[in-house]
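Here's the letter readout for the chains.
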Amino acid sequence: DTVETYVKNNKPNVIINAAAYTKVDLAEKEKDAAFAANEKAVANLAQAAKKHGAFLVHISTDFLFHGSFNRPIDENQMVQPIGIYAQSKAAGERAVAESGAPAAIVRTSWLYSEFNANFMKTMLRLGKEKSELRVIADQHGSPTYAVDLARALWQLVSAPQANAGTPEIFHFSNYGVTTWYDFACAILELAAI
């Protein structure tokens, strides 16, 4: 009701949903919370967007793709959500698609910035607190600077918008691939830790 009232009263042309439950490991224990934020809340936004003619941009994740890829994953790749977090994000994408709202889904990866909680800030904090860190080295991805994603979203909403129906899907990440371990090493090296 709150979302519906807000959209009705404020009549936005565009809604960008950057909110999500993102605690990947904890989601296994907090399934209801993950689905509430990543599916139900998204469905509410999509329904309000459709009803009031707003264009919805929903931010999603590369976690939808389970497996090892030695190439960029294109938008037509079949999703394989493994784990509660990924399943809840896939359910959110389905909610957008099934709503019929004019929408775009933007999948991104490994977001970092100087703001809020993220891997980079965690490594900087832990690097100052501990003499040794353990970071996994068997997952590959493309770290993406949140400001670059914001610029891409601005471009997306500034362009002609999609019609109602099936949302267009975009993949956006910064260039390059690394592991969490190598990303951590680069962060600590640049910070002279």
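In case you missed it, the structure is sitting above this.
Below or above, wherever it landed, is the structure these notes cover. Not measured: the values here are computed from a predicted model.

Let's talk about the overall build of the protein
Part 1: Scanning the protein from terminus to terminus reveals six helices and eight strands.
Part 2: Helices and strands in the protein line up, N terminus first, as α-β-α-β-α-β-β-α-β-β-α-β-β-α.
Part 3: A compact globule built from 193 residues should have a C-alpha radius of gyration of about 16 Å, and the protein, at 18 Å, falls within 12% of that.
Part 4: Principal axes of the C-alpha set define a box for the protein whose edges measure 55 × 35 × 30 Å.
Part 5: Taking all 193 residues of the protein together, 38% fall into the buried category.
Part 6: Residue pairs in contact within the protein that sit at least 24 positions apart in sequence constitute 82% of those at least 6 positions apart.
Part 7: Element-wise, carbon and sulfur atoms account for 53% of the exposed surface of the protein, whose accessible area totals about 11700 Å².
Part 8: Of the side chains in the protein, 18 bear a positive and 20 a negative charge, and the two mean positions are spaced by 6 Å.

A closer look at the layout of surface pockets
Part 1: One number sums up the size of the largest pocket: a volume of about 1400 Å³.
Part 2: As for the largest pocket, its lining consists of 42 residues, and the residues nearest its centre are T22, L111, A117, N118 and F119.
Part 3: For the lining of the largest pocket, the secondary-structure elements that each account for two or more residues are β1 (14–17), β2 (55–61), α3 (84–99), β4 (111–112), α4 (119–129) and α5 (146–158).
Part 4: Sorting elements by how many residues they give to the lining of the largest pocket places α5 first, with five residues.
Part 5: Class assignment of the residues belonging to the lining of the largest pocket gives a composition of 26 nonpolar, eleven polar and five charged.

Considering the side chain of T178
Part 1: Along the chain, the position of T178 falls in strand β8 (residues 178–179).
Part 2: Here T178 is in contact with W110, Q139, H140, G141, P143 and F183, once residues within four sequence places are set aside.

Focus: the pattern of salt bridges
Part 1: Applying the stated criterion across every chain yields a total of five salt bridges.
Part 2: R107 is the salt-bridge partner of E93, the closest N and O atoms lying 2.7 Å from each other. Within this pair, whereas E93 is found in helix α3, its partner R107 is found in strand β3 (residues 103–108), the two being separated by 14 residues in sequence.
Part 3: Exposure remark for R107: the relative accessible area of 6% places this residue in the buried category.
Part 4: Here R134 and E132 are joined by a salt bridge, their closest N and O atoms 3.8 Å apart.
Part 5: Using a relative accessible area of 77% as the deciding quantity, one classes R134 as exposed.

So, the environment of V14
Part 1: Mapped onto the elements of the fold, V14 is located in strand β1.
Part 2: Along the chain, V14 and P102 lie 88 residues apart, while their C-alpha atoms are 9.7 Å from each other.

Calculation criteria
Residues numbered from 1 in each chain as written. Predicted model: local features only at pLDDT ≥ 70, side-chain atom pairs only at ≥ 80, totals over all residues. Heavy atoms only, no water. Helix = DSSP H or I, 4+ residues; strand = E, 2+ residues; numbered from the N terminus. Rg over C-alpha atoms; globule rule 2.2 N^0.38 Å. Buried < 20%, exposed > 50% of the residue type's maximum accessible area, 1.4 Å probe, protein only. Contact = heavy atoms within 4.5 Å. Areas by Shrake-Rupley, 256 points an atom, 1.4 Å probe, with all protein chains shown as cover. Lys, Arg positive; Asp, Glu negative; His and termini not counted. Charge placed at Lys NZ, Arg CZ, Asp CG, Glu CD. 1 Å grid on protein atoms, 1.4 Å probe; cavity = no way out; pocket = protein on both sides within 12 Å on 5 of 7 lines; lining within 4 Å. Points joined across faces, edges and corners; volume = space filled by probe spheres on them. Nonpolar A, V, L, I, M, F, W, Y, C, P; charged D, E, K, R; others polar. Salt bridge = Lys/Arg side-chain N within 4 Å of Asp/Glu carboxyl O.

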